[in-house]
Amino acid sequence: MGVIVTALAVAVSAQSPRPTKKSPVTRTSSITSTAAFGTAVTANTTYRNDLTWTFGGKQQRGWYLYDLLIGKTLNTDDDPGTSDFAASIATWQKRRGLAADGILNEDALMSMVSQWQGNRLKNRAPATPDQLLTAPPADFYDSSRAEELRQVERRTYTAYKELIAAAIADPTLKLAHTAPDQLAPGETYFKIVSAFRSREYQDELRRKSPNAGSAGLAVNNSPHFTGRALDLYVGGSPVDTKDANRAIQVKTPVYRWLVNNAERFGFRPYFYEPWHWEYVK
Ligand SMILES: [Zn+2]
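What you see is a predicted model; the values in this text were computed from it and never measured. (Residues numbered from 1 in each chain as written. Predicted model: local features only at pLDDT ≥ 70, side-chain atom pairs only at ≥ 80, totals over all residues. Heavy atoms only, no water.)

Would you take a moment to explain the packing of aromatic side chains for this structure?
In this description, an aromatic ring pair is defined by two values, namely the gap between the centres and the angle between the planes. If you walk through the whole model with that rule in mind, you get 17 aromatic pairs. Plain terms: the ring middles of Phe 267 and Tyr 279 are 5.4 Å apart, the flat faces sit at 55° to each other, and that makes the pair tilted. Highlighted residues: Phe 267 in strand S9 (residues 267-270) and Tyr 279 in strand S10 (residues 273-279), separated in sequence by twelve residues. Like Tyr 279, Phe 267 is buried. (Phe/Tyr/Trp six-rings, centres within 6.5 Å; stacked < 30°, edge-to-face > 60°. Helix = DSSP H or I, 4+ residues; strand = E, 2+ residues; numbered from the N terminus. Buried < 20%, exposed > 50% of the residue type's maximum accessible area, 1.4 Å probe, protein only.)

What follows is the structure, encoded as structure tokens:
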């Protein structure tokens, strides 16, 4: 990165301001990083679809499902197949103490995954009854969901309603609603699929779905025990980890909105499940 900084400084001092659409700094940055990251662009384009890595005891292929989260982490909108993206990876690698080659390879990806996992809910103590409230059926994807499955940690619920109000107020999402903070009965997006789950209920789920694996249903300390984890409907099949399903989910405007806005309300993602958000405040 030292080379780029030097080149930038020279270019900026050598050029007097001209009435161009893009600033000289931006153009110089692109040109410099094209030269420096040609190999990285090729590698990233391949790895985005084909990198083999392991998570939750399962072999994974590529990182295209995480384009939005990666962009958010790097604070860039650049397409993964560009030199500017590679430059952003290199900057991030340097911060993480990795070789700053601009390539999102297995090492870099695992480091990013551990950064994401480190941002998740730390205190996983099960909720006590006084910490929970029972949310109305209208907040749920399945409005016939049993009362004991509609429990949410109190502060998480308040934050969820604030998040919903902000999403409703965003005209680009076109959410059907009956009040400024209430989604309409016919609306599915942002509705709660699952919130608080008792250990007993989690055990039952696992018995019904023994092949879900450790990435699917947490064996020991599910964040759902806290009442602070919400599975929200973001499209596709609500909670199916198949790549094809997640590929649909990560492309919805709802998921994009959550990636860009949920943090403001105290919610952070579980990268592997586009629907799973944890209240960390
Ligand atoms: Zn979940």
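Having seen the structure, we can now continue with the description.
Looking at this model, I keep getting lost on the coordination of the zinc ion. Mind explaining?
For a metal bound by four donors in a tetrahedral arrangement, the ideal donor-metal-donor angle is 109.5 degrees, while six donors in an octahedral arrangement ideally sit at 90 or 180 degrees. His 224 (NE2), Asp 231 (OD) and His 276 (ND1) make up the full set of protein donors to the zinc ion, lying at 2.0 to 2.1 Å. If you list the donors of the zinc ion from N- to C-terminus, the spacing comes out as H-x6-D-x44-H. One end of the pair, His 224, is in the loop between helix H9 (213-216) and strand S8 (229-232); the other, His 276, is in strand S10, and 52 residues separate them in sequence. Each member of the pair, His 224 as well as His 276, is classed as buried. (Donors = N, O, S within 2.8 Å, 3.2 Å for Na, K, Ca; no water.)

What exactly am I supposed to notice about the pattern of salt bridges here?
Side-chain pairs of opposite charge can arise where the charged atoms are in close proximity. According to the stated counting rule, one finds ten salt bridges in the structure shown. The salt bridge involving Asp 67 is made with Arg 48; its shortest N-O contact spans 2.5 Å. You can see Asp 67 sitting in helix H4 (residues 67-74) and its partner Arg 48 sitting in helix H3 (residues 38-50), a full 19 residues away along the chain. The class for Asp 67 is partly exposed, based on a relative accessible area of 22%. Note that Arg 61 and Asp 50 form a salt bridge whose closest N and O atoms lie 2.9 Å from each other. Highlighted residues: Arg 61 in strand S2 (residues 58-61) and Asp 50 in helix H3, separated in sequence by eleven residues. Here Arg 61 falls in the exposed class, since its relative accessible area comes to 52%. (Salt bridge = Lys/Arg side-chain N within 4 Å of Asp/Glu carboxyl O.)

Just checking my understanding: could you explain empty space enclosed by the protein for this structure?
Think of a ball as big as a water molecule: rolled over the atoms, this probe shows where empty space is left. Tallied over the entire structure, the rule returns two cavities of 30 Å³ or more. Its volume calculated, the largest cavity comes out at about 40 Å³. If you trace the largest cavity, you find it lined by Trp 53, Gln 60, Arg 61, Gly 62, Trp 63, Tyr 64, Leu 65, Tyr 66, Asp 243 and Arg 246. Broken down by secondary-structure element, the contributors of at least two residues to the lining of the largest cavity are S2 and helix H10 (243-249). The class makeup of the residues in the lining of the largest cavity is five nonpolar, two polar and three charged. Each pocket or cavity is described by its volume, and for the second largest cavity that value is around 30 Å³. Around the second largest cavity, the lining residues are Ala 138, Asp 139, Tyr 160, Lys 161, Ile 164, Asp 181, Gln 182, Leu 183 and Lys 191. (1 Å grid on protein atoms, 1.4 Å probe; cavity = no way out; pocket = protein on both sides within 12 Å on 5 of 7 lines; lining within 4 Å. Points joined across faces, edges and corners; volume = space filled by probe spheres on them. Nonpolar A, V, L, I, M, F, W, Y, C, P; charged D, E, K, R; others polar.)

Just checking my understanding: could you explain the environment of Arg 197 for this structure?
Summarising the element assignment, Arg 197 is placed in the loop between strand S7 (192-194) and helix H8 (199-208). Residues Arg 197 and Thr 226, spaced 29 residues apart in sequence, show a C-alpha to C-alpha distance of 8.0 Å. One polar contact links Arg 197 to Ser 194, side chain to side chain, over a distance of 2.7 Å. (Polar contact = N/O pair within 3.5 Å; in protein donor to acceptor, adjacent residues only side chain to side chain.)

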